[in-house]
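Overview (structure and organization)
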Amino acid sequence: MSYTDQLDTNKLEAKVKAVYQDVAQSPDEDFHFEMGRPLAERLGYDPANLDQVPQAAVDSFAGVGYHFDLAAIEPGERVLDLGSGSGMDVFVASIHAGETGEVVGLDMTDEQLKKARQLRDDGGFENVRFEHGYIESLPFDDGTFDIVISNGVINLSPEKERVFEEIRRVLGSDGRLALSDIISEEQMPESIKTSADLWAACIGGAMQVDNYTDALEESGLEVATKRRNDEYAFISDQAAGACEKYGVNSISVLARMD
């Protein structure tokens, strides 16, 4: 029996939604992870881009890395952000994609979607839309997008192989994936990997890094770049302990259609 057989996925989904509802509505609360503009700038985001993004989206930013240099979004391209939250990465992507491009954010948390849509409307981002959905079953046709991006989200899914297969399906023939995510250097025990609380904290679902990249390539995506994000760190004692013991850390990856 695998740990995913023992994990209560309904409880996991409810826990993750509860955490990210709080991220949307109360970004000043204490979380296992850092949030906001100081984190974004330290990870590598261009302050000039952040100045063009709604401040409330930046305040609720809870990403784990920077990958827009890897994505290299060009004007006119179609971009999908998996787990778009309050929309900061979507708005940054829209700056690069321009008026002729299109950026879609996908999220399963109603409160995040409500906030992101309001910020879009208030900010006049006409090339942006936000959709409700799950990253394991993307509500888009084959070959819809040029680029898929994601920041600190895929680790939350108990079906990562399915997520990578769906990403490949919705990418065009020359498509690419640019993401940042949480992985572990060592395999973690079932006591951690079956805890919904630790999954929602972005720790329990961290896949061992070699298995993570293998799953990416088995889906038909070829890893072109992989780098560690040393500027990212969890801030709670519980999370920091897991990072030290099992090598939990952040990476950014660029993968292309095989």
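Structure shown above.
Let me sum up the structure you'll find in this document.

Cut-offs used in this document
- Residues numbered from 1 in each chain as written.
- Predicted model: local features only at pLDDT ≥ 70, side-chain atom pairs only at ≥ 80, totals over all residues.
- Heavy atoms only, no water.
- Helix = DSSP H or I, 4+ residues; strand = E, 2+ residues; numbered from the N terminus.
- Contact = heavy atoms within 4.5 Å.
- Areas by Shrake-Rupley, 256 points an atom, 1.4 Å probe, with all protein chains shown as cover.
- Salt bridge = Lys/Arg side-chain N within 4 Å of Asp/Glu carboxyl O.
- Buried < 20%, exposed > 50% of the residue type's maximum accessible area, 1.4 Å probe, protein only.
- Patch = residues over 30% accessible without salt bridge, like charges linked within 9 Å, V, L, I, M, F, W, Y side chains within 5 Å.
- Lys, Arg positive; Asp, Glu negative; His and termini not counted.
- Charge placed at Lys NZ, Arg CZ, Asp CG, Glu CD.
- Expected span 1.5 Å × (residues − 1).
- Arc of directions from axis to C-beta.
- Phe/Tyr/Trp six-rings, centres within 6.5 Å; stacked < 30°, edge-to-face > 60°.
- Core = buried A, V, L, I, M, F, W, Y, C linked by side-chain atoms within 4.5 Å.
- Pairing = 2+ DSSP bridges.
- Right-handed = clockwise from strand over helix to strand, strands pointing away.

Attention shifts here to the overall build of the protein. The helix and strand tally for the protein stands at 13 helices and 8 strands. A fraction of 76% describes how many contacts in the protein between residues 6 or more apart in sequence connect residues 24 or more apart. For the protein, the accessible surface area stands at approximately 11000 Å², while carbon and sulfur atoms represent 41% of it.

For the coordinates displayed, the defined rule picks out 13 salt bridges. We note a salt bridge from R162 to E165, for which the minimum N-O separation is 3.8 Å. With R162 and E165 both in helix 9 (residues 160-170), this residue pair falls 3 residues apart, about one helical turn. Exposure remark for R162: the relative accessible area of 36% places this residue in the partly exposed category. It is possible to trace a salt-bridge network through shared partners that takes in D142, R162, E165, E166 and R169.

What follows deals with a negative patch on the surface. On the surface, E159, E161, E185, E186, D210, D214, E217, E218, E222 and D258 cluster together into a negatively charged patch. As for its placement among the helices and strands, E159 is situated in the loop between strand 4 (145-151) and helix 9. Among the residues examined, E159 registers a relative accessible area of 44% and is labelled partly exposed.

Let's shift gears to helix 8 (residues 110-123). The end-to-end C-alpha distance of helix 8 is 20 Å, a good match for the 20 Å that 14 residues give at a rise of 1.5 Å each. Among all positions of helix 8, only Q112, L113, K115, A116, L119 and R120 are buried. Relative to the axis of helix 8, the buried residues are bounded by an arc of 165 degrees and lie together on one face. In this structure, helix 8 carries D110, K114 and D122 as exposed residues pointing more than 90 degrees from its buried face. Following helix 8 by one or two positions, G124 has its phi on the positive side, about 70 degrees.

On to the packing of aromatic side chains. Tallied over the entire structure, the rule returns 8 aromatic pairs. Geometrically, the ring pair formed by Y45 and F61 is edge-to-face, given 5.2 Å between the ring centres and 70 degrees between the ring planes. In this pair, Y45 sits in the loop between helix 3 (37-43) and helix 4 (47-51) while F61 sits in the loop between helix 5 (55-59) and helix 6 (68-71), placing the two residues 16 residues apart along the sequence. On the basis of relative accessible area, Y45 is assigned to the buried category, the value being 3%. Where F164 meets Y212, the ring centres are 5.3 Å apart and the plane angle is 80 degrees; that geometry is what we call edge-to-face. Remark: Y212 occurs in helix 12 (residues 209-218) and F164 occurs in helix 9; sequence separation between them is 48 residues. For F164, a relative accessible area of 0% gives the class buried. For Y212, a relative accessible area of 0% gives the class buried.

As a further point, take the nonpolar core. Y45, F68, I73, M88, F91 and I149 are the most contacted members of the largest nonpolar core, which totals 45 residues. Excluding residues that lie within four positions of it along the chain, M88 makes contacts with A40, Y45, L50, V53, A57, V58 and F61. L106, L138, L221 and M257 belong to the second-largest nonpolar core, a separate cluster that totals 29 residues.

Counting buried residues along strand 5 (residues 171-184), 12 of its 14 residues qualify, which places the element largely inside the surrounding structure. In terms of strand pairing, strand 4 meets strand 5 through 6 bridges, oriented parallel. Across the sheet, the residue bridging to S150 is L179, located in strand 5. Crossover strand 4 to strand 5 through helix 9 is right-handed. Where strand 5 meets strand 6 (residues 207-208), 2 bridges bridge the pair, whose relative direction is parallel. When the sheet's bridge partners are listed, S184 is paired in strand 6 with Q208.

Moving on, we get to the side chain of R176. If you trace the backbone, R176 turns up in strand 5. Residue R176 is classed as buried on the basis of its relative accessible area, which comes to 9%. Setting aside its immediate chain neighbours within four residues, R176 contacts A71, A72, I73, E74, E77, D146, I147, V148, L171, L254, A255 and R256.

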